[in-house]
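Chain residues, written in single-letter form:
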Amino acid sequence: MPSERMTVRGTSEIGRFPGAAPPTRVELTVYKEGEKKHEEGGCRRWLRRMCPCCCKRQNSSSYDVTDKVEMVKPPTPNLTPEPAKPKPENGEAKEMEEMKLSVRSVDLLSSKTSQNRREHHTNLYHGDELIIRRGQTFQMELELNRPFSAETDKLHLDLKTGPLPMVSKGTHVIIPLVKHLEDERWEAKIVEQSANKIKLSVNSPATAVIGLYGLSVTTNSLKGEAANTHDSSKNIVMLFNPWCEEDTVFLDDDEERDEYVLNDIGRIYYGTEKQIGARTWNFGQFHEGILDACLFVLEKSDMPPSGRGDAVNVVRVLSAMINAQDDFGVLVGNWSGDYADGVSPSAWSSSVEILRKYHSSDGTPVSYGQCWVFSGVTTTVLRCLGIPARSVTNFQSAHDTDVSLTTDVYFDANMEPIDYLNSDSVWNFHVWNDCWMARPDLPPGHGGWQAVDSTPQETSQGTFRCGPASVNAIRSGQVYLKHDTPFVFAEVNSDKIYWQRNLDGTFSQIYSEKKAVGHNISTKAVGSDERADITNMYKHQEGSEEERIAVETASRYGSKPDVYSEPMAEDVSVEVKMDGEGPRMGADAKLSILVKNLSSQPRRTTLHSQVAVMYYTGVLKGTIKKEEMPVELLPNEEKTIEWVLPYQQYQNQLVDQAALMLTLSGRVSETQQVLANQTTFRLRTPDLSIRPLGEAVVGKEMAAKITFTNPLPRMLKNVVFRVEGLGLQKGHEVVVGDVGGHSTVTLTEHFIPTQPGSRKLVASLDCKQLTQVHGVADIVVFEQ
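Bear in mind the structure is a predicted one, so any value in this text is a computation, not a measurement.

Would you take a moment to explain the packing of helix H5 (residues 290-300) against helix H8 (residues 371-385) for this structure?
Describing two packed helices takes the angle between their axes plus the distance from one axis to the other. For the pair H5 and H8, the least separation of the axes is 10 Å and the interaxial angle reads 100°. With respect to H8, the element H5 is oriented roughly perpendicular. In this structure, H5 uses Ile290, Leu291, Cys294, Leu295 and Leu298 to contact H8, whose residues at the interface are Thr380, Val381, Cys384 and Leu385. In the contact of H5 with H8, the residues fall into eight nonpolar, one polar and no charged.

Please explain the sheet that holds strand E29 (residues 572-577) as it appears in this structure.
Sheet strands pair via backbone hydrogen bonds, and the direction of the pair is either parallel or antiparallel. The three strands lie next to each other as E29-E30-E33, forming an open sheet whose pairing is antiparallel. Here the strands that pair on one side only, and so sit at the sheet edges, are E29 and strand E33 (638-645). Ignoring which end each strand starts from, the neighbouring axes of this sheet average 20° apart.

I tried to follow the environment of Arg584 on my own but got confused; where do I start?
By secondary structure assignment, the location of Arg584 is in the loop between E29 and strand E30 (589-597). Using a relative accessible area of 43% as the deciding quantity, one classes Arg584 as partly exposed. Put simply, Arg584 and Thr685 are 101 residues apart on the chain and 6.6 Å apart in space, counted from C-alpha to C-alpha. With residues up to four places along the chain from it excluded, the contact list for Arg584 reads Tyr650, Leu683 and Arg684.

I tried to follow the UniProt feature "active site" (unreviewed entry) in the chain on my own but got confused; where do I start?
This chain's UniProt record puts "active site" (unreviewed entry) on Cys371, His430 and Asp453. Spanning 83 residues, the named residues form one tight spatial group whose C-alpha atoms are at most 9.8 Å apart. By relative accessible area, His430 is classed as buried at 0%.

Even after reading the chapter, I still don't get the confidence of the model for the chain, so can you show me in this structure?
Caution applies to low-pLDDT parts of the model: their predicted coordinates are not meant to be read in detail. Across the chain, the average pLDDT comes to 84, with 84% of residues at or above 70. Counted against residues more than four places away or in other chains, residues 1-40, with its pLDDT under 50, gives 64 contacts. Contacts for the low-pLDDT stretch residues 45-88, under 50 throughout, to residues beyond four places or in other chains number 29 contacts.

Looking at this structure, I do not really get the sheet that holds strand E25 (residues 496-501). What am I missing?
Spatial strand order, E19-E25-E26: three strands in an open sheet with mixed pairing. Both edges of this open sheet fall to strand E19 (407-411) and strand E26 (507-513), since each of them pairs with a single strand only. Going across the sheet, the axis of each strand differs from the next one's by a mean of 25°, ignoring polarity. In terms of strand pairing, E25 meets E26 through six bridges, oriented antiparallel. Each bridged residue has a counterpart across the sheet, and for Gln500 the counterpart in E26 is Ser508.

For this particular structure, what's the right way to read the nonpolar core?
Nonpolar side chains tend to gather and get buried jointly when the protein is soluble and globular. Ranked by size, the top nonpolar core spans 62 residues in total, and within it Val330, Leu355, Leu385 and Ile387 carry the most contacts. Looking at this core element by element, the count peaks at nine residues for H8. For this core, the two domains that each supply at least three residues are domain 1 (96-239) and domain 2 (265-556). Residue contacts for Val330: discarding those within four places in its chain leaves Val297, Met321, Ile322, Asn323, Ile354, Leu355, Tyr358, Pro365, Val366 and Val377. With 56 residues, the next largest nonpolar core counts Val613, Val698, Leu770 and Val781 among its residues.

Thresholds, definitions, all that
Residues numbered from 1 in each chain as written. Predicted model: local features only at pLDDT ≥ 70, side-chain atom pairs only at ≥ 80, totals over all residues. Heavy atoms only, no water. Axes fitted to C-alpha atoms, helices over the stretch in contact; angles between N-to-C directions. Helix = DSSP H or I, 4+ residues; strand = E, 2+ residues; numbered from the N terminus. Parallel < 35°, antiparallel > 145°, perpendicular 65-115°, else oblique. Contact = heavy atoms within 4.5 Å. Nonpolar A, V, L, I, M, F, W, Y, C, P; charged D, E, K, R; others polar. Pairing = 2+ DSSP bridges. Buried < 20%, exposed > 50% of the residue type's maximum accessible area, 1.4 Å probe, protein only. UniProt positions renumbered as here; feature names shortened; annotations may be inferred. pLDDT = per-residue confidence, 0-100. Core = buried A, V, L, I, M, F, W, Y, C linked by side-chain atoms within 4.5 Å. Domains from an automatic or database assignment.

Okay, here's the thing in structure tokens:
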């Protein structure tokens, strides 16, 4: 049945009243004392004329809105037609319509030059999305259908992330309007009001879930009317905040934040401890599409969105997602040397193409990666999400496969290696990451740098991932602290233990090499392209009492806790030395073996030497030369033995890193002391020469000349150059074809710089016979 409704403006709704006649809307306007009266409406005037005794004009003195309001039914209409009723004036109808508050539009103030983006240090990201950091206020503007009144109107914001947003999980956030903002909570405050527009300042806690949020604004009145909800057409991206003291990733150093969060170009080190090579890597975390790709990687993981507020959890998940070993992550690892159906790991110079390719293919893993590629992509993703990160290279990096926290080498009774037992290995170099964060889940003092490794080596809790492991815990041998601290400890500070099989099948420890692993741990220096040695952060000085205590502390938690029960005496030493930067690719490799007798008695031994081609992971491809060298030493005598490996013996045997391992072993006749030494070295490859041509100006074409000389006396087949420069030129391939022995190739690249400032043009060469050939040119681009 139709009903009649009386509305009392400025108070709660009165209610609904039945009536037999056609519906009639009655508007009762209540004025408070001192308020200006509005002109009496036409409907009211008509009703008062029809029934003056029941509908008298209200006295202007006072009126209690809780008094009973009686509805008087209009008289039964006459059969004769009545004159038309006066219609409400246009102004009245509009006023009635606009009584209910609603949002017409939302401006997130999200342009790259906006106050939001500048204050949140997100102005470098591509695009005009609102990208903010948690624990910090941001602004937005709302356009309403009428002026906002704090006395009568209500307003709140809703932020939702993930497929099933829930208030209890922190993935559905209801942000109330308050008069004063307080730290560590979601709140909004009106800071400016002009006509129908209001500007809000919104605060978020430093524990907020990071990721992509949808925004809606809900308005209603204190009278409890049905709410109006406006959905913003633009989303909000929330990141970690290393500028916020309350955030667990807070880093209290401007220069370090600039380096480890904002720098989009870095250096990654490789080679051997005596021949450290460096290559420039474009992290490109602000490049177009990369933020979307990083959020997509999080989306592809099994981590619930509610877990994205915890930096430890996010880093651990990402260490699994960067490799594709068991979860369809970003990169497929390949150490076979056959990359025909993908890109050779050494050909990459940037994370950008890898992440964009993964995202655009809806999560199809990209082929192929090795440790420096995994690390470069991890640095990109962590920096993009706001976690300070850097790529770290450990030379002579142990791979402990049996949780013994030692690197074990097994020999039979004749001092021949027992291959099937020698599963532990020492990689020439291994690249992982450090990320910076507090560790509230660990005892005090273990925050700061944390080691995280995305290269699939060993499983952790059933998944190929590693870390974050506290670097402080690694240094002190506290391997019982999570996550994966024993594995990283073994990489940097395990002793190499040599075992010999006895006649009864048991093994005896015959030698302990205490300085075999964890050398020249390197990362790019803050603010320059120099190499910073951070070995002392991972371990105490070799041989010091503190370092020995750390090793013995760690070993107690390994699978061979009694390995250090018997110290060994030594009076003969063997050492391998290399001149200058070491052997060059295409020439004979020459090393020096220095043998010292530290006793006052003569000593005799026979040194057995063998050199093997090796993958940089420490896996041997095969032995290419063996020989025996008898050595006789007078008391306190030193002897130098020259060792040579001709080019002809290794030219067809090399794998990716052109790495070789020389193993020396022997037994001193007089004392039965075992001599053992393993030395890895690489054959140095030439750099690409890149020379800029012309003036570097935004929008103006310039060129760069890239020159390469083949160091080998043989032809290089199917040579491909890859060239890229952020702000200079998009990454692309240039197919060169075959390059003859000792021939020189010159390539001229033409491009138009798009961004001013200091830029780097990076190039690499890829072919089956020669890898790790690359170059970089610094180019300063000026505005027009």
